[in-house]
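Tertiary structure, described
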Amino acid sequence: NCSMICGLHPDQATEPIVSLAERLNVKFAILPCCVMPSLFPHRVQRKHGDPVRSYSAFCQYLLDMAPEKEEFFLDHLPFVGRNKVIYRSPS
């Protein structure tokens, strides 16, 4: 019975947060950090099939998890470092 799921440096829980929020139709916000390509070799870029091995590629991979006819958003928080926040705001 929640209205939003947040993950700050969620490591292995990053994708499950996105999937659960989608299933429950609630908002989410994540600040991804560690890519961990050896733990997640199945992660490949949707558009070209390249493996996800960098922070930028991981952020794009998460943005691409948005279902058809929906969009996830990316913004930057005001601090130095891995400050990208990816979020969903359901209609």
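Just above, that's the structure.
As a starting point, this report considers the structure included with it. Worth saying up front: this structure is predicted, and the values here are computed from it rather than measured.

**Observations regarding the pairing of strand E1 (residues 4-8)**
Only one face of E1 is covered, namely the one carrying Ile-5 and Gly-7; the face carrying Met-4, Cys-6 and Leu-8 has none of its residues buried. Sheet analysis places E1 next to strand E2 (residues 27-31), joined by five bridges and oriented parallel. Bridge pairing in E2 links Gly-7 to Ile-30.

**As for the pairing of E2**
Extensive coverage of E2 is indicated by the burial of four of its five residues. Taken together, E1, helix H1 (residues 14-24) and E2 form a β-α-β motif whose crossover is right-handed. With three bridges joining them, E2 and strand E4 (residues 84-88) adopt antiparallel strand pairing. Bridge pairing links Ile-30 to Ile-86 in E4.

**Points about the packing of aromatic side chains**
Counting across every chain of the model gives three aromatic pairs. Considering the side-chain rings of Phe-28 and Phe-72, the 5.0 Å spacing of their centres and the 85 degrees angle between planes classify their relative orientation as edge-to-face. Here the residue Phe-28 occupies a position in strand E2, and Phe-72 occupies one in the loop between helix H2 (55-63) and strand E3 (73-76), the gap between them amounting to 44 residues. Just as Phe-28 is buried, Phe-72 falls in that class too.

Rules used in this analysis
- Sequence positions are assigned chain by chain, starting from 1 and proceeding in written order.
- Given that this is a predicted model, residues contribute local features only at a pLDDT of at least 70 and side-chain atom pairs are listed and counted only at 80 or more, while totals for whole chains, interfaces and linings are drawn from all residues.
- Water and hydrogen atoms were dropped before computing side-chain values, which therefore reflect all heavy atoms in the structure.
- Burial classes: relative accessible area under 20% of the type maximum marks a residue as buried, over 50% as exposed, and values in between as partly exposed (1.4 Å probe, protein chains only).
- Strands are runs of DSSP state E lasting at least two residues, helices are runs of H or I lasting at least four, and both sets are numbered from the N terminus onward.
- A pair of strands is treated as paired once DSSP finds two or more bridges between them.
- When the strands point away from the viewer and the connection leading from the first strand across the helix to the second strand turns clockwise, the crossover is called right-handed.
- The pairing test for Phe, Tyr and Trp rings, Trp by its six-membered ring, is centres within 6.5 Å, and the orientation test on the planes gives stacked under 30 degrees, edge-to-face over 60, and tilted for anything in between.

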